Amino acid sequence: MPAQNEKMKAYWRKNLQTLFVLLLVWFVVSFGFGILLVDQLNEIRLGGFKLGFWFAQQGSIYAFVVLIFVYVARMNSLDREFDVDEE
Amino acid sequence: MEILTWTYLLVGITFAIYIGIAIWSRAGSTKEFYVAGGGVSPLANGMATAADWMSAASFISMAGIISFAGYDGSVYLMGWTGGYVLLALLLAPYLRKFGKFTVPDFVGDRYYSKTAKVVAVICALFISFTYVAGQMRGVGIVFSRYLEVPIEWGVVIGMCIVFFYAVLGGMKGITYTQVAQYCVLIFAYMVPAIFISMQLTGNPIPQLGLGGSVADGTPLLDKLDGVLTELGFAAYTSGRKSITDMFMITLALMVGTAGLPHVIVRFFTVPRVKDARISAGYALVFIAILYTTAPAIAAFGIYNTIDSTSEKSISQLPEWISTWQKTDLIKVDDKNGDGKIQYVADQTANELSIDRDIMVLASPEIAELPNWVVGLVAAGAMAAALSTAAGLLLVISTSVSRDLFKTFKPEISEKKELRIARLAAAGAVLLAGYFGVNPPGFVAQVVAFAFGLAAASFFPVIIMGIFSSRINKEGAISGMITGLVFTIGYIIFFKFISPETNTADNWWFGVSPEGIGSIGMILNFIVCVLVSRFTPAPPQDVQDMVQEIRIPRGAGKAQDH
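As named in an unreviewed UniProt entry, chain A is DUF4212 domain-containing protein, taken from Algoriphagus halophytocola.

Okay, here's the thing in structure tokens:
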């Protein structure tokens, strides 16, 4: 089934694109903001927090939670679009 | 009522609940024993994963470590939560679609090799045993401190409880017990945190209270920076570790989290691929509640400690300081004899030493909460320790019965397999108990390395197994062995053979033994790809299987085999 194969390839490609974008955000909020750029971000204040410190201790964790839920929503809609869902 | 009475009462009630659940949900088949019958709802699975994941170390020690490490403590916060993103995006859905019971199962099938499977079993057993030995010691310490019995008795009581519901209930019993344990531990953690946050900053939400201001209007964190630098310590919000080391430790903890067999196995218990994705999300929500509260407890704790002791005369100390002095967790020594306490960075002049575990354990007393809250924190700490120990024991018993016995004796009946699984769980409880009573001196250090080993051994071969159909058994086996040998070697050298050289100057590329798992992981990836390139591609049916697990449809069927 070559047509079926093409479709699966497209599904997998979109899946990988999604992963790439989400993992990029994952890297930026934790390793980027929390570690590599922490000193620069600490110049900026968020209420009683220095921004870099906030990302390292709380902000990245909130971002991780959001990332997983975005992933779930995106993959569920991809599954339906390519008709590979479990319903 | 007295604290001890409350402790016995609350701990007794929660244990009765766990045992009741174990009896109600005892496992009848191997499928129920290994994966709870595959019918756990994603929300319940998320809660169980959170309890499974958060050990006595998360509950009691983490806030204390952050108290004294300040910004550097962030490696634990980011590392132990960021791994869930990797789990949810890169592992959980595909392993669920694959539809077997264990990680070595996957490795064995994907790399069409008993050798690969046995290497994976050895990794799983090694990781789980190092981890569980530390947990049992933790269980013993928690029991002895709260129930005021000797540590040995604490370990024995813990062994009996874990034995009862892990051996009887298997994964099904553990899952529902862990749901109850999560509720107990999070409630116990939040109550004192909310009260302290109210007292210090007027904000009932500890996560926001951390950014709030103290009575004189200065933000708490600025105040803390000021006070600590004045006493000769580093500022709370800035780091002492090098950027490279921060980076590598965080990465090792993240990847290690995603590679820990007792966490991965939880995603086999939900009905659908969709559920595996979302249950990692729920798990992280439940974990994040505690992990975003911990930095608040940490900052409040160190602030309160300094504020209530520094330059105070000994007779003015708050009551909780003198209560905890009895346990030796706080030591006061008026070295210069001026009747006042100095808490300073200079060790020769410092007159106050504080065990880091104080920050969570003493939090009810710092906030002057009623005695029942102390009992509650005791019950929460025990829930945290027991749930993790039980999850690990299950991985050990499954590895022995399924990955070893069933691989070499595929004809054994289900009944016999279940009996072997229970026997292995019982054996593992006894062995873990032995290590709890007679801890090899290195247990505490080794627990952190379980992560490095998980990072260096499992993570790359699972990822490559899913995302590349070209990786073959030769690549996987040599990759796993390289990662494992390198990581173990580096750790053993700096921790046991020549601990006096364990300083930043001697580390390779400035990476401490805690972060070396990251390098081990990279080596594993490189060896895996190179060896695969020069050896034959995997057989067609394996390549088809790789294509198959990438598509969610049909997961229901894959589970029955």
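A. Highlighting the overall build of chain B. For chain B, the helix and strand inventory stands at 23 helices and two strands. In terms of overall size, chain B behaves like a compact globule, its C-alpha atoms giving a radius of gyration of 24 Å where 561 residues would be expected to give roughly 24 Å. Within the span of chain B, comprising 561 residues, buried residues form 62% of the whole. Counted over contacts in chain B with a minimum sequence separation of 6, partners at least 24 positions apart contribute 82%. Split by element, the accessible area of chain B, about 19400 Å² in all, is 65% carbon and sulfur. Here chain B contributes 38 positive and 39 negative side-chain charges, whose respective centroids are spaced 16 Å apart.

B. Spatial organisation of the environment of B:Pro460. Among the secondary structure elements, B:Pro460 is positioned in helix H19 (residues 443–467). Residues B:Pro460 and B:Ala421, 39 residues apart in the sequence, show an inter-C-alpha distance of 28 Å.

C. Representation of the side chain of A:Asn76 in the model. Its place among the elements puts A:Asn76 in helix H3 (residues 51–81). Not counting residues within four places of it along the chain, the set of residues in contact with A:Asn76 comprises B:Lys274 and B:Arg277.

D. Structural context of helix H17 (residues 371–408) of chain B. All names here are of chain B. For H17, which comprises 38 residues, the first-to-last C-alpha distance of 55 Å matches the rise-based estimate of 56 Å (1.5 Å per residue) to within 8%. At Ser399, H17 shows its maximal bend, which comes to roughly 30°. Taking burial as the measure, the 38 residues of H17 include 31 buried ones, the bulk of the element.

E. Broad picture of helix H22 (residues 540–549) of chain B. Residues and elements named next belong to chain B. The complete set of buried residues in H22 reads Val542, Met545, Val546 and Ile549. An end-on view of H22 places all buried positions within 100° of arc, on one side of the element. When the buried face of H22 is taken as reference, the exposed residues oriented beyond 90 degrees from it are Gln540 and Asp541.

What counts and how
Residues numbered from 1 in each chain as written. Chains lettered and ligands numbered in written order. Predicted model: local features only at pLDDT ≥ 70, side-chain atom pairs only at ≥ 80, totals over all residues. Heavy atoms only, no water. Helix = DSSP H or I, 4+ residues; strand = E, 2+ residues; numbered from the N terminus. Rg over C-alpha atoms; globule rule 2.2 N^0.38 Å. Buried < 20%, exposed > 50% of the residue type's maximum accessible area, 1.4 Å probe, protein only. Contact = heavy atoms within 4.5 Å. Areas by Shrake-Rupley, 256 points an atom, 1.4 Å probe, with all protein chains shown as cover. Lys, Arg positive; Asp, Glu negative; His and termini not counted. Charge placed at Lys NZ, Arg CZ, Asp CG, Glu CD. Expected span 1.5 Å × (residues − 1). Bend = angle between axes of the 7 residues up to and from the residue. Arc of directions from axis to C-beta.

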